[in-house]
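So the chains spell out like this:
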Amino acid sequence: MYPLENSKLKAKKISKAIFQTMVEKAGDGIFVYQDHRFVYVNPAFENLLGYPQHILENMTLDDVVNPDTAEMIEECYSRRIRGEKEPDRYDVVFITRNKQKRIIALSPSVIMLGGNPATLNIARDITERKLMLEHLESSNEFLTGLIENSSDAIRLQDTPLKR
């Protein structure tokens, strides 16, 4: 083997090791979905849904997505695989193993795996952020209604912070 070929092979092995470590240590869930089933899930996705990899690999999105949106998600998956334009990111309600609903921001990309199309998906849990946003919007609506329907004068005053 020539020195140049040896260094290319070595670089390829290093790149593979770096990629594998990044995926395994990522805070976001990562999964590959092909032929309407999970073919790979990283530890963060396992933790997110509460299922071990060997169980997830025998499941479909229909098994872990809120029934109200499962059909829509499968259709988006099929259109994306066919090369049709789909959003780069969308929010999906997943159901965990212990039946909790988690709002997941899903960012799928089409890849080729074994000569066939698949999707590589980044899954970020945004449940807490969504709930906080809903709470803030609700509080804002309440306060706006209170102010608009008040017959009393309302005065707002900033007070200096104590240090």
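Please read all numbers here as calculations on a predicted model, not as lab measurements. (Residues numbered from 1 in each chain as written. Predicted model: local features only at pLDDT ≥ 70, side-chain atom pairs only at ≥ 80, totals over all residues. Heavy atoms only, no water.)

Engineer: Help me get a handle on the nonpolar core, residues and values and all.
Structural biologist: Nonpolar side chains tend to gather and get buried jointly when the protein is soluble and globular. In this structure, Phe 31, Phe 38, Phe 45, Leu 56, Val 64 and Phe 94 are the most contacted members of the largest nonpolar core, which totals 23 residues. Sorting the residues of this core by element identifies strand E1 (29-34), strand E2 (37-41), helix H2 (43-49), helix H4 (61-64), helix H5 (67-81), strand E3 (90-95) and strand E4 (101-113) as the ones contributing at least two each. (Core = buried A, V, L, I, M, F, W, Y, C linked by side-chain atoms within 4.5 Å. Buried < 20%, exposed > 50% of the residue type's maximum accessible area, 1.4 Å probe, protein only. Helix = DSSP H or I, 4+ residues; strand = E, 2+ residues; numbered from the N terminus.)

Engineer: Help me get a handle on the side chain of Thr 96, residues and values and all.
Structural biologist: By the secondary structure assignment, Thr 96 is in the loop between E3 and E4. For Thr 96, a relative accessible area of 4% puts it in the buried group. Here the side chain of Thr 96 touches Asn 98 through a polar contact of 2.5 Å, side chain to side chain. (Polar contact = N/O pair within 3.5 Å; in protein donor to acceptor, adjacent residues only side chain to side chain.)

Engineer: Give a detailed account of empty space enclosed by the protein, specifying residues and quantitative values.
Structural biologist: By rolling a water-sized probe across the atoms, one finds the places where empty space is left. Following the criterion strictly, the structure yields one cavity of 30 Å³ or more and no others. One number sums up the size of the largest cavity: a volume of about 60 Å³. Of all the secondary structure elements, the ones that give two or more residues to the lining of the largest cavity are E1, H5, E4 and strand E5 (116-125). Element by element, the count of residues in the lining of the largest cavity is highest for H5, at three residues. Taken together, the residues of the lining of the largest cavity break down into eight nonpolar, two polar and one charged. (1 Å grid on protein atoms, 1.4 Å probe; cavity = no way out; pocket = protein on both sides within 12 Å on 5 of 7 lines; lining within 4 Å. Points joined across faces, edges and corners; volume = space filled by probe spheres on them. Nonpolar A, V, L, I, M, F, W, Y, C, P; charged D, E, K, R; others polar.)

Engineer: Tell me about the sheet that holds E1, and please be specific about residues and values.
Structural biologist: Hydrogen bonding along the main chain pairs the strands of a sheet, whether they run parallel or antiparallel. The strand order across the open sheet formed by five strands is E2-E1-E5-E4-E3, and the pairing between neighbours is antiparallel. Edge positions in the open sheet fall to E2 and E3, since each of these has one partner strand only. The average angle at which neighbouring strand axes cross in this sheet is 40°, direction not considered. As paired elements, E1 and E5 share five bridges and run antiparallel to each other. Note that in E5 the partner of Tyr 33 across the bridge is Thr 119. (Pairing = 2+ DSSP bridges. Axes fitted to C-alpha atoms, helices over the stretch in contact; angles between N-to-C directions.)

Engineer: Would you mind going over the side chain of Gln 34 in detail, with residue names and values included?
Structural biologist: Among the structural elements, Gln 34 can be located in strand E1. With relative accessibility at 10%, the residue Gln 34 sits in the buried group. For Gln 34, the side chain forms a polar contact with the main-chain oxygen of Asn 116, separated by 3.2 Å. What Gln 34 contacts, discounting residues up to four positions off in sequence, is Val 39, Tyr 77, Leu 113, Asn 116, Pro 117 and Ala 118. (Contact = heavy atoms within 4.5 Å.)

Engineer: Give a detailed account of the packing of aromatic side chains, specifying residues and quantitative values.
Structural biologist: By the definition in use, this model includes six aromatic pairs. Between the aromatic rings of Phe 31 and Phe 38, the centroid separation amounts to 5.1 Å while the plane-to-plane angle is 65°, which identifies the pairing as edge-to-face. Judged by relative accessible area, which is 0%, Phe 38 ranks as buried. Geometrically, the ring pair formed by Phe 45 and Phe 94 is edge-to-face, given 6.1 Å between the ring centres and 90° between the ring planes. Of this pair, Phe 45 sits in helix H2 while Phe 94 is found in strand E3, placing the two residues 49 residues apart along the sequence. (Phe/Tyr/Trp six-rings, centres within 6.5 Å; stacked < 30°, edge-to-face > 60°.)

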